[in-house]
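# Fold and geometry: a report
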Amino acid sequence: MKNKQEFSREHALFLKKCKRHTLVVWAFRVGILALLLGLWELIAALEWVNPFITSSPSRIGKTIGSLYADGSLFYHIGITLSETLIGFFIAVFLGTAIALALWWSDTLRKILEPYIVVLNALPKIALGPLIIIWCGTGSKAIVFMTVLVGIIVAILHMLNAFIATDRNKILLLRSMGATKFQILRKLVIPSSLASFISMLKVNVGMAWIGSIMGEYIVSKAGLGYLIVYGGQVFKLDLVMSATCILCLLAALMYFLVALLEKVLVKAPEQN
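Being a predicted model, the structure only gives us computed values, none of them experimental. (Residues numbered from 1 in each chain as written. Predicted model: local features only at pLDDT ≥ 70, side-chain atom pairs only at ≥ 80, totals over all residues. Heavy atoms only, no water.)

## Describing the overall build of the protein chain
Note the following rule: Secondary structure is summarised from DSSP: a helix means a run of H or I of at least four residues, a strand means a run of E of at least two, and numbering begins at the N terminus for each. The reference for a compact globule is 2.2 Å times residues^0.38; the radius of gyration itself is calculated from the C-alpha atoms.
Across its full length, the protein chain carries 12 helices and 0 strands. Ordering the α and β elements of the protein chain from the N terminus gives α-α-α-α-α-α-α-α-α-α-α-α. In terms of C-alpha radius of gyration, the protein chain reaches 24 Å, well past the compact-globule figure of 18 Å for 271 residues. Each principal axis of the C-alpha distribution contributes one length, and for the protein chain these read about 70 × 70 × 30 Å.

If you want it as C-alpha cells, here you go:
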C-alpha cells in the first residue's frame, strides 16, 4: 500500500512538472508573438519604416473590421477555405491510393517512379495556362492546382513509408501463410500511420500554397484574390490583412491535424 501511495505521489509530481513545462512553453510563445506585434506597431507609429509599406497590427485590425462590416470577410475566407480543403482531401486520398498501388506492384513502381520524380521537380506554376484551358477560370482550376501541388508529395511520402516496413516482419507473416492483402492490412498500413500523419502535416502547407497559387493565376474572389488586388491598387493593408488571415487558417488546420495525431498515434501507445 505504501509503494502504491509513493508511486501515486511521484506520478502526480511528474504530471505537475509536465503541466508546468507546457505552461512555460505557451507563455513564451504568446510572449514572443506579443513582443513582435508590439515592436511592429511601435516601428510603424514612430515611422522608422514607412507604415504604408509595412502596415501595422492596428491598421490590419481596422482593415479586417472593414471587410467584416461590408460582409466580404467570411465570403472570401469561405471560398479559399473550401478550395483548400477540397484539394487537400483529394490529394491525400489519391496520393495514398496511388502509393498503395505502387507498393503492391514492383513493376508498376519501377515504370512510374521516374515520371513521379519529374512531376515533383516540375514548377507547378508553369502549368498555369494549361490549367486555365483545361478547367476554365473558376474554382475547378484552383482545386486542380491544389491537388497537383499536394498529390506528388503524398505519393512519395507514403510510398517511402510503405517500402520502409520491416522486411523481417513481412517474411514472418508470409511464413505463416498470410496473403499480400493481409500483410498490407495487418502490418504495412498500421506501421505507416505515423508517416501518414507526417504527410498530412506537410500537405497542410502544400494545400494552402496550391490554392493561393491558383488564386494568383485565376480568381475572382478569395484571400489570394485580395492579395493580388491589394498589390495592384497599392492597398498594402489589405495585402497584409489577407496574409495574416491565411496564417491563422493554416495554423488552425495544422492544429486539427495535430489533434488527429494524438487520437490515432498516441492513444494506442498508451494502451
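## Some thoughts on the nonpolar core
In plain terms, the rule: Remark: nonpolar core denotes a set of buried residues (Ala, Val, Leu, Ile, Met, Phe, Trp, Tyr, Cys) joined through side-chain atoms within 4.5 Å. Burial classes: relative accessible area under 20% of the type maximum marks a residue as buried, over 50% as exposed, and values in between as partly exposed (1.4 Å probe, protein chains only). Contacts between residues were defined by any pair of non-hydrogen atoms, one from each residue, lying within 4.5 Å.
Within the largest apolar cluster, 42 residues are counted, with the highest numbers of intra-cluster contacts made by F88, L200 and L223. Mapped by element, the contributors of at least two residues to this core are α4 (73-104), α7 (139-163), α9 (180-191), α10 (193-217), α11 (223-232) and α12 (236-270). A per-element tally of this core places α7 first, with 9 residues. Apart from residues no more than four positions distant in its own chain, L200 is found in contact with F88, V92, V257 and L260. One finds L148, V149, M213 and V218 within the second-largest nonpolar core, a separate group that totals 8 residues.

## Here's the deal with the packing of aromatic side chains
For clarity, the cut-off: Each Phe, Tyr or Trp ring, with Trp reduced to its six-membered ring, pairs with another whose centre is within 6.5 Å; inter-plane angles below 30 degrees give stacked pairs, above 60 give edge-to-face pairs, and intermediate values give tilted ones. Charge-over-ring placement is defined geometrically: NZ (Lys) or CZ (Arg) within 6 Å of the ring centre, and within 35 degrees of the ring normal.
Tallied over the entire structure, the rule returns 5 aromatic pairs. Look at F88 and F89: their rings are 5.3 Å apart centre to centre, the planes differ by 70°, and that puts the pair in the edge-to-face class. Seen from their ring centres, Y225 and Y229 are 6.1 Å apart, and the 15° between their planes marks the pair as stacked. Note that Y225 and Y229 are positioned in helix α11 at a spacing of 4 residues, about one turn of the helix. Positioned over the ring face of W103 is K180, at 5.4 Å from the centre of the ring. It is K180 that lies over the ring of W104; its NZ or CZ is 5.4 Å from the centre.

## Let's talk about the environment of K169
The residue K169 is located in helix α8 (residues 167-175) in this model. With a relative accessible area of 47%, K169 lands in the partly exposed category. In sequence terms K169 and A250 are 81 residues apart; their C-alpha atoms lie 38 Å from each other.

## Some points on the pattern of salt bridges
As a reminder, the rule being used: For this analysis, a salt bridge means a side-chain nitrogen from Lys or Arg found within 4 Å of a carboxyl oxygen belonging to Asp or Glu.
If you walk through the whole model with that rule in mind, you get 3 salt bridges. Between D237 and R59 there is a salt bridge whose closest N-O contact spans 3.0 Å. In this pair, D237 is assigned in helix α12 and R59 in helix α3 (residues 57-69), connecting sequence segments 178 residues apart. With relative accessibility at 29%, the residue R59 sits in the partly exposed group.

## Structural notes on a nonpolar patch on the surface
Convention followed: The patches reported here contain residues having more than 30% relative accessible area and no salt bridge. Joining distances are 9 Å for like charges and 5 Å for nonpolar side chains (Val, Leu, Ile, Met, Phe, Trp, Tyr). Only the protein chains shown count as cover for residues, and the accessible areas themselves come from Shrake-Rupley with a 1.4 Å probe.
Together, L35, L39, L42, I43, L46, W48 and V49 give the surface a local cluster of nonpolar side chains, amounting to about 650 Å² of exposed area. Along the polypeptide, I43 turns up in helix α1 (residues 2-45). Judged by its relative accessible area of 30%, I43 is partly exposed.

## Overview of the environment of W208
Looking at the secondary structure, you find W208 in helix α10. As a C-alpha pair, W208 and T63 span 145 residues in sequence and 22 Å in three-dimensional space. Leaving out residues up to four positions away in the same chain, W208 has contacts with T80, L81, T84, L246, L249, A250 and M253.

## Here's the deal with unusual backbone geometry
One non-glycine residue with positive phi stands out, namely S55, at about 60°. Looking at the secondary structure, you find S55 in the loop between α2 (51-54) and α3. The phi dihedral of F234 is positive, around 60°, even though this residue is not glycine. Among the secondary structure elements, F234 is positioned in the loop between α11 and α12.

## What about α9?
Condition: The arc in question is formed by the directions pointing from the helix axis toward the C-beta atoms.
Residues of α9 that are buried: I183, L184, L187 and V188. Considered in projection along α9, the buried side chains sweep an arc of 130° and stay on one side of the axis. Buried-residue contacts for α9 involve α4, α7 and α8.

## Section: the state of the cysteines
The condition that has to hold: Two cysteine sulfur atoms form a disulfide, by the criterion used here, when they sit within 2.5 Å.
Summed over all chains, the structure comprises 0 disulfides. Counting only cysteine sulfurs, C247 is the nearest neighbor of C244, a cysteine outside any disulfide, at a range of 6.1 Å. With a relative accessible area of 26%, C244 lands in the partly exposed category.

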